[in-house]
Each structure stands twice: as structure tokens, then as C-alpha cells.
Amino acid sequence: MVNKRTPIIAGNWKMNKTPKEARELAQALVPLVAGVKDREVVLAPPFTALSAVAEAINKTNIALAAQNLHWEDKGAFTGEISAEMLLDSGCRYVIIGHSERRQYFGETDETVNKRTRKALSKGLRAIICVGETLAEREASKVNEIIGRQLAGGLAGVTAADMQSVVIAYEPVWAIGTGKTATPEQANDVHHFIREQIKALYGPETAGALRIQYGGSVTPENVSTLMAMSDIDGALVGGASLKPESFAALVKFT
Ligand code: 13P
């Protein structure tokens, strides 16, 4: 079967770049990826740089993402940010449940679920991150962990809403470590994710779902990852912080 899913390459800038630096990076990127039509390009700067990047990528083929959102609409939630604020800043996507949030900021499958449902109800597309730690992999618990993260994170999400969901598989042990999962290791988990989605939503939704890989993706290894049957994109940290390397990733062949 021909894979008709549009590849999606997203740069997660994490806690890097002031608004000025972010604007410059985005401005440098725009001409480098301007001709790219057959794949989606997404940038996720920190909150303070969203507006600057939105301006820089206005009317281009690059979409804007935030790195988190809160599930309430407004109110006394110091330090949080709402879906409406993100939409107003020009976001089309939001990353939810990144492993760094799960590890350091108490994110759970339940809070991932609340954020996901809020994002989708407001018309934001959700990039939901799942992934196992090294200890979990060594204990042969990959499927158990990923299955739980998917079922928990997607509870109450309808098949119609799944059209606005991207799943990012990011093995924790591969993030920022230079240790990429082998294309086969990654594809095995991607295949498992698609099977889980099939069980939850049926073959049509599963077939259309885009699953990104994340964890030490570079211009050097992106092509072999993207050649795998169930890998539909990349969620890139370190290599997204320089215009040339991110553009090279976007233009993988
Ligand atoms: P690195 O590409 O720096 O390993 O980060 C991956 C990641 O966490 C993207 O969300």
C-alpha cells in the first residue's frame, strides 16, 4: 500500500532563543524551505517568542506550534497559558506531554489527556508525545508503557478529532543523547502505535495517523528513519536550532 501521509517535520526549540534570536532563526529558515510543498514544516519556539516567529513565518509554508497549554480557559493558574492565547499568537499546533514535562514537571497521562482535549476542542492540532525510558526498555516494557500513554492521553478523543492529532514517539534515552533508536527499533514502536490506534479507532484513522520520531534526529540520519514504513515525520530538538541543519532535515530525500 502506498503511504499517502504527508510527512511532518517539526522543530522543538525547547527553552532556547529570545524573541530576537527566534525571529532571526525563523527569517533565515523561510527562504531555505520556501520551495517545500510535499511536507509540513512546524516550528515550536518558547511562548515568549511565538509572536515574533508568527510574524516571520506569516504567509509562508511554515506553521507555528507551542510547547504546552493549560486545560482551563482562563483564571488563577499562574505560569500557565491557554489555548486561546496560543491561537491568538498564531499557533496551529501544540506539543503535549513531552517527556521533559513528564520527567521534570509532573505531567501525567491524565494531564496530557486534559490538555489534548482542550487543544482539540479549540481547533488546535495536538502533537502528543509518548516514549519509554531506558530502564523501561531494558525491562521489556516498551509496549506496556506506550500502550498506557496512548490510551490515557487519548481517552475521550473521538475518531473525528484524531484527524488533528499527531503522535510523536520519542524514546527518552534517545533525546539529546546522540543515541538514535535504529530505524528498525523506531519503526517497531511506530507500528505498535498504529496497531493500538487501529484497535481504538479502526483502520481508517490508524492509516491516516501521522507518527513522528524524535530523539537525536540529524540531517545525517533523517533519511533512513523516514524511509521506514510507519515513520511519518520527525520532532527535532538540537538540530532544529540552526537554519541550515533544520532546512536540511526538512529537505530529506
Ligand atoms: P533532540 O533532537 O535534541 O534529541 O531532542 C528531541 C526532542 O526531544 C524533540 O522534542
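Cut-offs used in this document
Residue positions are counted from 1 within each chain, in the order its sequence is given. Residue-level local features of this predicted model are given only where pLDDT is at least 70; pairs of side-chain atoms are given and counted only at 80 or more, and the full residue set underlies all totals for whole chains, interfaces and linings. Side-chain measures were taken over the full set of non-hydrogen atoms in the model, leaving aside hydrogen atoms and water. The criterion for an aromatic pair is that two Phe, Tyr or Trp rings (for Trp, the six-membered ring) have centres within 6.5 Å, with stacked assigned to planes under 30 degrees apart, edge-to-face to planes over 60 apart and tilted to the rest. For every residue, the accessible area obtained with a 1.4 Å probe (protein chains only) is divided by the maximum for its type, and the residue is called buried under 20%, exposed over 50%, and partly exposed between those limits. To sit over a ring, a charge needs its Lys NZ or Arg CZ within 6 Å of the ring centre and within 35 degrees of the ring normal. Criterion for a salt bridge: a side-chain nitrogen of Lys or Arg within 4 Å of a carboxyl oxygen of Asp or Glu. A run of H or I in DSSP becomes a helix once it reaches four residues, and a run of E becomes a strand once it reaches two; helices and strands are each numbered from the N terminus.

Enquirer: Is there a simple way to explain the packing of aromatic side chains in this structure?
Expert: For any pair of aromatic rings, geometry is given as the distance between the ring centres together with the angle between the planes. In the structure shown here, the tally under the stated rule is two aromatic pairs. With centroids separated by 6.3 Å and ring planes inclined at 85 degrees, the aromatic side chains of Y104 and F105 adopt a geometry described as edge-to-face. By the burial criterion, Y104 is exposed, and F105 matches it. A cation sits over an aromatic face here: R39 above F252, 4.0 Å from the ring centre.

Enquirer: Honestly, the pattern of salt bridges in this entry has me stumped. Any pointers?
Expert: Two side chains with opposite charge may pair up if their charged atoms get near one another. The tally for this structure, following the rule as stated, stands at 17 salt bridges. A salt bridge links E55 to R23; the shortest N-O distance between them is 3.0 Å. Taken together, the residues E55 in helix 2 (residues 50-56) and R23 in helix 1 (residues 19-33) connect sequence positions 32 residues apart. We classify E55 as exposed; its relative accessible area is 54%. Taking the relative accessible area as the measure of exposure, R23 reaches 30% and is therefore partly exposed. The residue R148 makes a salt bridge to E144 at a minimum N-O spacing of 3.7 Å. Linking R148 with E144, this pair stays in helix 7 (residues 142-153), spanning four residues, or about one helical turn. Overall, the relative accessible area of 47% leaves R148 in the partly exposed class. What makes E144 partly exposed here is its relative accessible area of 44%. Each of R5, R194, D230 and D232 takes part in one network of salt bridges that share partners.

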